Amino acid sequence: TVDRKLRPNNKTSVWFLSMANPKSHLFSLSFFSFLLLHFPTVSLAQTLFVFGDGLYDTGNKQIISSNRVDASFPPYGNTLGEATGRWSDGLIIPDYLAGFMNIPQIPPVLRSTSDFSHGANFAIADATVLGSPPETLTLSQQVMKFSENKNKWTIQARSEAIYLFYIGSNDYLNYAKNNPNPSADQKEAFVDRVITSIEAELKVIYGSGGRKFALQNLAPLGCLPAVKQASGNVQECVRLPSEMAALHNKKLLQLLVELSRELSGFQYSFYDFFSSIQNRVIKSKTYTFETGIAACCGTGSVNGSSCSTYNVCAHPEDYLFFDGKHLTQEGNLQAGHLMWGSDPVVIGPNNLRELLFLPLDSTFILADIQEAMAATRPRQIKIESIYDIKKIESEMETQWLYQVDKASSFLI
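Because the structure is a prediction, the values reported are computed rather than measured. Per-chain numbering applies: the sequence of each chain, read as written, is numbered from 1 onward. Only residues with pLDDT of at least 70 get local features here, since the model is predicted, and only at 80 or more are side-chain atom pairs given and counted; chain-wide, interface and lining totals rely on the full set of residues. Only hydrogens and water are set aside; all other atoms, that is, all heavy atoms of the structure, feed into the side-chain values.

(A) How the structure looks around the overall build of the protein chain. Of regular secondary structure, the protein chain possesses 14 helices and eight strands. Residues counted as buried form 60% of the 412 residues belonging to the protein chain. Residue pairs in contact within the protein chain that sit at least 24 positions apart in sequence constitute 72% of those at least 6 positions apart. The method behind every accessible area is Shrake-Rupley, applied with a 1.4 Å probe, and residues are considered shielded solely by the protein chains displayed. Just so you have it, the protein chain exposes about 16900 Å², and 52% of that area is on carbon and sulfur atoms. Only DSSP runs of H or I reaching four residues or more are called helices, and only runs of E reaching two or more are called strands; each is numbered from the N terminus. Residue burial is assigned from relative accessible area. The probe radius is 1.4 Å, only protein chains are included, and a residue is buried under 20% of its type maximum, exposed over 50%, and partly exposed in between. Any two residues whose heavy atoms approach within 4.5 Å at even a single point are treated as in contact.

Here is the structure:
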């Protein structure tokens, strides 16, 4: 089935979304009611903080840069009728998530005149976790900006808020470009540096009251049109960048499980963006796209570079990628729907809708679920098999059935 659509309303379970058993609807409603009755801290977040790179940038790059920023000019924003600094023809994932939360779109933090009552967007194009690239903000600098501005929001707002992350792509693309033949140890050492830095920043936000973290894992970077075109072989995804992303994703999930045990009240949502993009590249028509290989805008064999008004497609909704590295509005919409309301094959242990309602003092309930997630992932695994689609589906199904077996009252 096509996963671009939100599941029906019988998927309102705080813990699980599944069609495996019709009795799950009854369990979902009763368990949800239990939470509302027995946890006084159940609340619906009205605040969203966004951290990341160009996939999430709503205009920070155009403010900080002294050079021309392509996203400030058409054809970027064509679907909206104007360029807004977003690296797409239209809206991007944080815009859709804010809409699902029933709050306004979150403004870029560098636009000082904006209304930040519902949060701020710190993401900026070209951002990295490591290093200090020009005219952008590293993850550490983004978190520093948050710390400098945190008193704009109450302690309660910060604790109930969703903290949304997508970052690391530029680190691995730069690494692969500069290190075309690294050893397995070298790859792992670099990924460990990135993950260690992310851990430090998550802990800074936790120390400022953050409790609900939503992380979108990295795309198969070797499948980006810009990367394939630069390699000279557009028939296959480039191996090294995708390997690095897969290893990063594995270690990022392990980190989140560890933090949920270490930090009281730490809650998270982990979206398998890697598989979502891989599916749409391989089976684009299944997901309503004419192509998941070529970009809508650009030049070259797969339109991987130099997007301009002279080389943009007429129907961006037919494309997964708008330019060589970023999604169309339709691609962002599908990803946003999956993050908000999809099932555990795609996002776990909670989707964002569930994370929104989780009681702030519910960590003990999640402990066994998170342990089950860790238990289903072997410590040693070949990088190239980490994101095999059938393997993912099998592991995720096993993971949740394992938890159900431990707690027989859970029906999925």
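(B) Region of the structure containing helix α11 (residues 329-341). How far a helix is expected to stretch is found by multiplying one less than its residue total by 1.5 Å. A rise of 1.5 Å per residue sets the reference length of α11, with its 13 residues, at 18 Å; its end C-alpha atoms lie 18 Å apart and thus fit the reference within 8%. In terms of burial, α11 is largely enclosed, as 13 of its 13 residues are buried.

(C) View of the packing of aromatic side chains. The pairing test for Phe, Tyr and Trp rings, Trp by its six-membered ring, is centres within 6.5 Å, and the orientation test on the planes gives stacked under 30 degrees, edge-to-face over 60, and tilted for anything in between. Within this structure, the stated rule accounts for 21 aromatic pairs. Note on F51 and F146: the rings are 6.2 Å apart at their centroids and 75° apart in plane angle, and the pair reads as edge-to-face. Placement of F51 in strand β1 (residues 48-52) and of F146 in helix α4 (residues 139-149) is noted, with a sequence separation of 95 residues between them. Take F146: its relative accessible area is 0%, and that puts it in the buried class. Considering the side-chain rings of Y172 and F190, the 5.7 Å spacing of their centres and the 80° angle between planes classify their relative orientation as edge-to-face. Of this pair, Y172 sits in helix α6 (residues 169-178) while F190 is found in helix α7 (residues 184-207), placing the two residues 18 residues apart along the sequence. Relative accessible area serves as the criterion here: at 0%, Y172 is assigned to the buried category. Of the residues examined, F190 reaches a relative accessible area of 12% and is grouped as buried.

(D) Representation of the packing of α7 against helix α9 (residues 239-262) in the model. Where α7 contacts α9, the two axes come as close as 9 Å, and the packing angle between them is 40°. The angle between the axes of α7 and α9 places the two elements in the oblique class. Considering the relative orientation of α7 and α9, their crossing is right-handed. In this structure, α7 contributes K187, E188, F190, V191, D192, V194, I195, I198, E199, L202 and K203 to the contact, and α9 contributes L240, E243, M244, L247, H248, K251, L252, L255, L256, L259 and E262. Residue polarity is assigned by list, with Asp, Glu, Lys and Arg as charged and Ala, Val, Leu, Ile, Met, Phe, Trp, Tyr, Cys and Pro as nonpolar; anything else, Gly included, falls into the polar class. Looking at the contact of α7 with α9 residue by residue, the classes come out as 13 nonpolar, one polar and eight charged. Axes here refer to lines fitted to C-alpha atoms; in helices the fit is confined to the stretch in contact. Angles between the N-to-C directions go from 0 to 180 degrees. For classification purposes, angles smaller than 35 degrees are called roughly parallel, those larger than 145 roughly antiparallel, those between 65 and 115 roughly perpendicular, and all remaining angles oblique. Note on convention: the crossing is left-handed when the near helix lies turned anticlockwise from the far helix by less than a right angle, right-handed when the turn is clockwise.

(E) Molecular detail of the state of the cysteines. Count a disulfide wherever a pair of cysteine sulfur atoms falls within 2.5 Å. Across all of its chains, the model carries three disulfides by this definition. With its sulfur 2.0 Å from that of its partner, C296 forms a disulfide with C313. Residues C296 and C313 share a disulfide whose torsion about the S-S bond is about -95°; that sign makes it left-handed. Of this pair, C296 sits in the loop between β6 (291-295) and β7 (319-321) while C313 sits in the loop between β6 and β7; the two residues are 17 residues apart in sequence, bridging distant segments of the chain. When sorted by exposure, C296 lands in the same class as C313, which is buried. The disulfide partner of C297 is C307, and the S-S distance across this bridge is 2.0 Å. Between C297 and C307 the sulfur-sulfur dihedral comes to about 100°; the bridge is accordingly right-handed. On the criterion of sequence distance, the pair formed by C297 in the loop between β6 and β7 and C307 in the loop between β6 and β7 is long-range, its members being 10 residues apart.

(F) Just the pairing of β1, in detail. In terms of burial, β1 is a largely internal element, five of the five residues being buried. Judged by which residues are buried, β1 turns out to be covered on both faces: L48, V50 and G52 on one side and F49 and F51 on the other are all buried. Bridging between β1 and strand β2 (residues 119-121) involves three bridges; their strand directions are parallel. What sits directly across from F49, in β2, is A120. A pair of strands counts as paired when DSSP detects no fewer than two bridges linking them. The pairing of β1 with strand β3 (residues 162-166) spans five bridges and is parallel. Residue pairing across strands places G52 opposite Y166, the latter belonging to β3.

(G) Broad picture of the pattern of salt bridges. One side-chain nitrogen of Lys or Arg within 4 Å of one carboxyl oxygen of Asp or Glu is enough to make a salt bridge. Under the counting rule described, the total for this entry stands at 10 salt bridges. Between R86 and D95 there is a salt bridge, with its nearest N and O atoms 2.7 Å apart. Looking at D95, the relative accessible area reads 6%, which means it is buried. Taken together, the shared-partner salt bridges connect K187, R239 and E243 into one network.

(H) Up close: α4. Among the residues of α4, those classed as buried are L139, Q142, V143, F146 and N149. Projected down its long axis, α4 shows its buried positions confined to an angular sector of 125°, all on one face. Along its buried surface, α4 packs onto β1, α5 (155-160), β3 and α7. Throughout, the arc means that of the directions going from the helix axis to the C-beta atoms.

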